[in-house]
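Chain and residue survey
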Amino acid sequence: LAIAEVNKLDSEEFIEVFGNVVENCKLAAAAVWSHKPFQDVDHLNQTIADFLDALPQKGKEGVLRCHPDLAGRLAQAGQLTTESTQEQKSAGLDQLTQDELSTLTDLNQQYKVKFGFPFVICARLNKKAAILNGLTERLKHGAEEETLAGVEEVKKICRLRIADIVTSEAKL
Ligand SMILES: NC(=O)NC1=NC(=O)NC1=O
């Protein structure tokens, strides 16, 4: 979709197209639609980033809770969204050894017990080693810091998902 076409979408179509750029969070798309027309893809990304940043603490935590665990129950059951399936596959999370899987599962559980929301990282920008290191490191942080870190990762995931939808003019 070119940005000009994006700007022609009514709210229902916009939500249909962008409803999962923030995982399981149609609200983000529904909320930013009223900012159209978008000058370019960066403007669209910035608008969603601003929406996420403006959420109260509980809202930020809620967005993180809408994310499936990496190599978690849903992944193992093959019930991830299309986007998450591709992202987790690209990080090699579908080829974990039994040891890696039990380590990741254990760390994810520790993280969730400590913070009350799942560990979120952009899987397209981190291979499994970086994910395991990131999880080990971030487990040591405070809740406030981790809420912000998680939202920053959500923005990266979102930017890449939008790039799959909106063709930048250069690629005409
Ligand atoms: N908990 C997560 O970080 N989940 C995910 N990150 C991604 O990039 N895709 C996911 O499903």
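Report on the accompanying structure. (Residues numbered from 1 in each chain as written. Predicted model: local features only at pLDDT ≥ 70, side-chain atom pairs only at ≥ 80, totals over all residues. Heavy atoms only, no water.)

1. Structural notes on the overall build of the protein chain
Scanning the protein chain for helices and strands turns up 10 helices and zero strands. Reading the helices (α) and strands (β) of the protein chain from amino to carboxyl end gives α-α-α-α-α-α-α-α-α-α. On C-alpha atoms alone, the protein chain measures out to a radius of gyration of 17 Å, which is about the 16 Å that the 2.2 N^0.38 rule sets for 172 residues. The principal-axis extents of the C-alpha atoms in the protein chain amount to approximately 50 × 35 × 25 Å. (Helix = DSSP H or I, 4+ residues; strand = E, 2+ residues; numbered from the N terminus. Rg over C-alpha atoms; globule rule 2.2 N^0.38 Å.)

2. Section: the pattern of salt bridges
What the rule picks out here adds up to 14 salt bridges. Residues D53 and K155 are paired through a salt bridge, measuring 2.8 Å at the closest nitrogen-oxygen approach. Here K155 lies in helix 10 (residues 143-163) and D53 lies in helix 4 (residues 41-54), a separation of 102 residues in the sequence. With a shortest N-O distance of 2.7 Å, E87 and R161 are connected by a salt bridge. (Salt bridge = Lys/Arg side-chain N within 4 Å of Asp/Glu carboxyl O.)

3. A word on a negative patch on the surface
A contiguous patch of negative charge, built from D10, E12, E13 and E16, is present on the exposed surface. Residue placement: E12 occurs in helix 2 (residues 11-18). (Patch = residues over 30% accessible without salt bridge, like charges linked within 9 Å, V, L, I, M, F, W, Y side chains within 5 Å. Areas by Shrake-Rupley, 256 points an atom, 1.4 Å probe, with all protein chains shown as cover. Lys, Arg positive; Asp, Glu negative; His and termini not counted. Charge placed at Lys NZ, Arg CZ, Asp CG, Glu CD.)

4. Observations concerning unusual backbone geometry
Cis geometry is found at the peptide bond from K36 to P37, where omega equals 5°. Here the phi dihedral of N24 falls at roughly 55°; this positive angle occurs in a residue that is not glycine. Assignment of secondary structure puts N24 in the loop between helix 2 and helix 3 (26-32). The phi dihedral of A71 is positive, around 55°, even though this residue is not glycine. Inspection of the secondary structure puts A71 in the loop between helix 5 (57-65) and helix 6 (73-76).

5. As for empty space enclosed by the protein
Enumeration over the complete set of coordinates arrives at one cavity of 30 Å³ or more. Of the pockets and cavities examined, the largest cavity occupies roughly 120 Å³. Residue lining of the largest cavity: 14 residues in total, with H67, P68, L70, I121 and I157 positioned closest to the centre. Listed by contribution, the elements that provide at least two residues to the lining of the largest cavity are helix 7 (82-90) and helix 10. A breakdown of the residues in the lining of the largest cavity according to their chemical character gives eight nonpolar, three polar and three charged. (1 Å grid on protein atoms, 1.4 Å probe; cavity = no way out; pocket = protein on both sides within 12 Å on 5 of 7 lines; lining within 4 Å. Points joined across faces, edges and corners; volume = space filled by probe spheres on them. Nonpolar A, V, L, I, M, F, W, Y, C, P; charged D, E, K, R; others polar.)

6. Some details on the site of the ligand
As a matter of local geometry, the ligand sits amid P68, L70, S84, E87, Q88, F119, V120, I121, C122, A123 and I157. The backbone of P68 places a nitrogen or oxygen atom 2.9 Å from a nitrogen atom of the ligand. Contact between the ligand and I121: a nitrogen atom at 2.9 Å from a main-chain N or O atom of the residue. With the chains in place, 99% of the 290 Å² that the ligand exposes on its own is no longer accessible. Judged by the fraction of its atoms near the pocket grid, the ligand is located in the largest cavity. A per-element tally of the shell around the ligand places helix 7 first, with three residues. Grouping the constituent residues of the shell around the ligand by class yields eight nonpolar, two polar and one charged. (Near = heavy atom within 4 Å. Polar contact = N/O pair within 3.5 Å; in protein donor to acceptor, adjacent residues only side chain to side chain. Sits in = over half its atoms within 2 Å of the grid points.)

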